[in-house]
Amino acid sequence: MLKDKILVLDFGSQYTQLIARRVRENSVYSEIFPYNAPFEKILDFKPKGIILSGGPSSVYSKGSPIPDIKIFNLGIPILGICYGMQLMAHLLGGKVAKAAKREYGRAELIIDDDSDLFSGIAERPTPNAQRQAVVWMSHGDRIEKYPEGFISIAHTDNSPVAAMANKKKNFYALQFHPEVVHTEKGREIIKNFIFNICGSKPTWTMKSFIETAKHEIKEKVGNQRVVCGISGGVDSSVTAVLVHEAIGDALTCIFVDNGVLRHDEAKKVELMLKKSFHMKIKYVDASERFLKKLKGVKDPERKRKIIGNEFIRVFEDEAMKIMNVSFLAQGTLYPDVIESTSFKGPSATIKSHHNVGGLLKKMKLKLIEPLRELFKDEVRVLGRELGMPDETINRHPFPGPGLAIRCISDITKERLAILRKADVIVLDEIKKAGLYNKIWQVFAVLLPVKSVGVMGDERTYDNVIAVRAVTSVDGMTADWAQIPYEVLGRISNRIINEVKGVNRVVYDISSKPPSTIEWE
């Protein structure tokens, strides 16, 4: 399954993960290493080809990221993208200089050679016309002179060398970003590289992944037992089903009701995993315990830490009751792994994350992370292969601290009840309008303010609900969803009429960045 691999070296581009995902879309396995990965590690990976990502640096600046130059002696194809192109030119004897005019955004690429990398990318409008394609540029440097053995295979008005190639060594480089959707035939360019130039075969499929993962889990666990904390979210649910497929009743799932779950959350999880997949689930109602700890806490970071720490204590209490437990299964995804190994180090903490990592040392548990090679969209595909219902697979992300960070300021049973009722209405109307699967995330937020209203000829002074809905691919960036006015109108009307204590509904039209998806 992993014979035909493509390695992506990360130089700090915001699009690096997208490169790996574009490769995987073609059923070819791809991983991301930091640019300074040891040469021995690259050798052990045995890639069929290497892609050098873009990045914010200039190759001629002091301290710019440089990989081990021995990668150019491996005898395998290499594709440089943006900074990766400039790096290739710089290291192999070409010349890179600051462009007189910075090139950012849409550009018309004029293709001079369409025999391999650009094969089938653009048609000639007339017999004598040049082949052109729309691409996405983002650079301030350009190639002034390409290295010996290279030729220019495309240009733009601003970049005389917008793409170059050394066909003898199978080295190719692009000044633009083929991985972004704005480059109209970018997927085809990457496909040409991995199949036509690298000679990879499409062996990376979810069916093959499942069989390999099940075998590895069985081998690792042996006759011991595994616990898995489930929340009802996609990641933990898919993890639980996959591990259960491998070891059956040796897995025990623990569902902790922390008091800040959505309406009927526990029932839905139990119905899906217990009844549909016949899994052993321990339901623990610790809501009073959590709410007592959260009483009077307004700061969102304190809320997160309290919930995370208390979850570990409750989970530990329950896990200790199970004999012969040696493993903890977690739904860690590949973006988490990438972030922890980025050449920049772990990213700045915007907000802490809810996890059970503290259990490992305390209980001497070993980790099973069967999804650590997968992106979110691949997890959903995996869930379908495992026969999981669409309602679970397509479920919008839900934060570990739950409604605690959507109930701004104080958390009380009364405020949580208002939020739950409003949230049910929001989701109901979005689903009725056929918008649920078109939106990345939609939910209600209870604000810590009250407003004046008039209901039944009487003055009211009640709560305000904010509705948040965003579109996104992976949650890293997001735009506010342009929900039709009539749908927003129905949501507002129902919340004000059906949820006692609310007299105003507002809609959040902030994008990420600068805002985050959640309010806290």
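Residues numbered from 1 in each chain as written. Predicted model: local features only at pLDDT ≥ 70, side-chain atom pairs only at ≥ 80, totals over all residues. Heavy atoms only, no water.

Draft legend 1. Representation of the packing of aromatic side chains. On inspection of all chains with the given rule, the structure shows 11 aromatic pairs. Taken together, a centroid distance of 5.5 Å and an interplanar angle of 80 degrees make the contact between Y334 and F375 edge-to-face. Taken together, the residues span a long stretch of sequence, with Y334 in helix α10 (residues 334–341) and F375 in the loop between β14 (366–368) and α12 (376–385) at a distance of 41 residues. The class of Y334 is buried, set by a relative accessible area of 5%. Seen in terms of ring centroids, W480 and Y507 are 6.4 Å apart; in terms of plane orientation they differ by 75 degrees. Their pairing is edge-to-face. Of this pair, W480 sits in strand β17 (residues 479–480) while Y507 sits in strand β18 (residues 502–507), placing them 27 residues apart in sequence. We classify W480 as partly exposed; its relative accessible area is 30%. On the basis of relative accessibility, which here comes to 21%, the residue Y507 falls in the partly exposed class. An aromatic cluster of three or more residues is present, and its members are F11, Y35 and Y83. One Lys or Arg, K5, reaches over the ring of F45 and ends 4.3 Å from the middle of that ring. The residue whose ring lies beneath K70 is F39, and the NZ or CZ to ring-centre distance is 5.0 Å. (Phe/Tyr/Trp six-rings, centres within 6.5 Å; stacked < 30°, edge-to-face > 60°. Helix = DSSP H or I, 4+ residues; strand = E, 2+ residues; numbered from the N terminus. Buried < 20%, exposed > 50% of the residue type's maximum accessible area, 1.4 Å probe, protein only. Lys NZ or Arg CZ within 6 Å of the ring centre and 35° of its normal.)

Draft legend 2. Region of the structure containing the confidence of the model for the protein chain. Averaged over every residue, the pLDDT of the protein chain is 87; the share at 70 or more is 92%. Of all secondary-structure elements in the protein chain, the lowest mean pLDDT belongs to helix α11 (residues 359–363), at 57, while strand β3 (residues 49–52) reaches the highest, 98. Note that residues 343–358 has pLDDT below 50 and, in this model, 32 contacts with residues that lie over four places away or in other chains. (pLDDT = per-residue confidence, 0-100. Contact = heavy atoms within 4.5 Å.)

Draft legend 3. Up close: the pairing of strand β2 (residues 30–34). Of all five residues in β2, five are buried, a share of seventy percent or more. Side chains of β2 alternate between two faces, with S30, I32 and P34 and E31 and F33 buried alike. Where strand β1 (residues 6–10) lies against β2, five bridges are found, and the strand directions are parallel. Bridge pairing in β2 links L7 to E31. Between the parallel elements β1 and β2, the chain passes through helix α1 (residues 16–24) in a crossover that is right-handed. (Pairing = 2+ DSSP bridges. Right-handed = clockwise from strand over helix to strand, strands pointing away.)

Draft legend 4. How the structure looks around the sheet that holds β14. The parallel open sheet is built from five strands, whose spatial order is β12-β11-β10-β13-β14. Each edge of the sheet is formed by a strand with only one pairing partner; in this case those strands are β12 (280–285) and β14. Each neighbouring strand pair of the sheet contributes to a mean axis angle of 30 degrees, computed without reference to strand direction. Where strand β11 (residues 251–257) and β12 come together, six bridges link them in parallel fashion. Its bridge partner lying in β12, T252 is registered against K280. Against the sheet, helix α5 (residues 206–221) touches β10 (225–230), β13 (325–329) and β14, its axis set at about 165 degrees to β14. Sheet strands touched by helix α7 (residues 265–277): β10, β11 and β12. Its angle to β12, the strand with the most contacts, is close to 170 degrees. (Axes fitted to C-alpha atoms, helices over the stretch in contact; angles between N-to-C directions.)

Draft legend 5. Seen up close, the pairing of strand β16 (residues 458–471). Pairing between strand β15 (residues 441–455) and β16: 12 bridges, direction antiparallel. Of the residues in β16, the one forming a bridge with S451 is D462. In terms of strand pairing, β16 meets β18 through five bridges, oriented parallel. Across the sheet, residue A466 finds its bridge partner in β18, namely V506. The sheet contact formed by β16 and β17 spans two bridges and is antiparallel. If you follow T471 over to β17, its bridge partner there is D479.

Draft legend 6. Highlighting the side chain of E518. Inspection of the secondary structure puts E518 in the segment after β18. Judged by its relative accessible area of 6%, E518 falls in the buried class. Engagement of the side chain of E518 in a polar contact is seen with the side chain of R406, the distance being 2.7 Å. A polar contact of 3.2 Å, which involves the side chain of E518, links it to the side chain of Q441. (Polar contact = N/O pair within 3.5 Å; in protein donor to acceptor, adjacent residues only side chain to side chain.)

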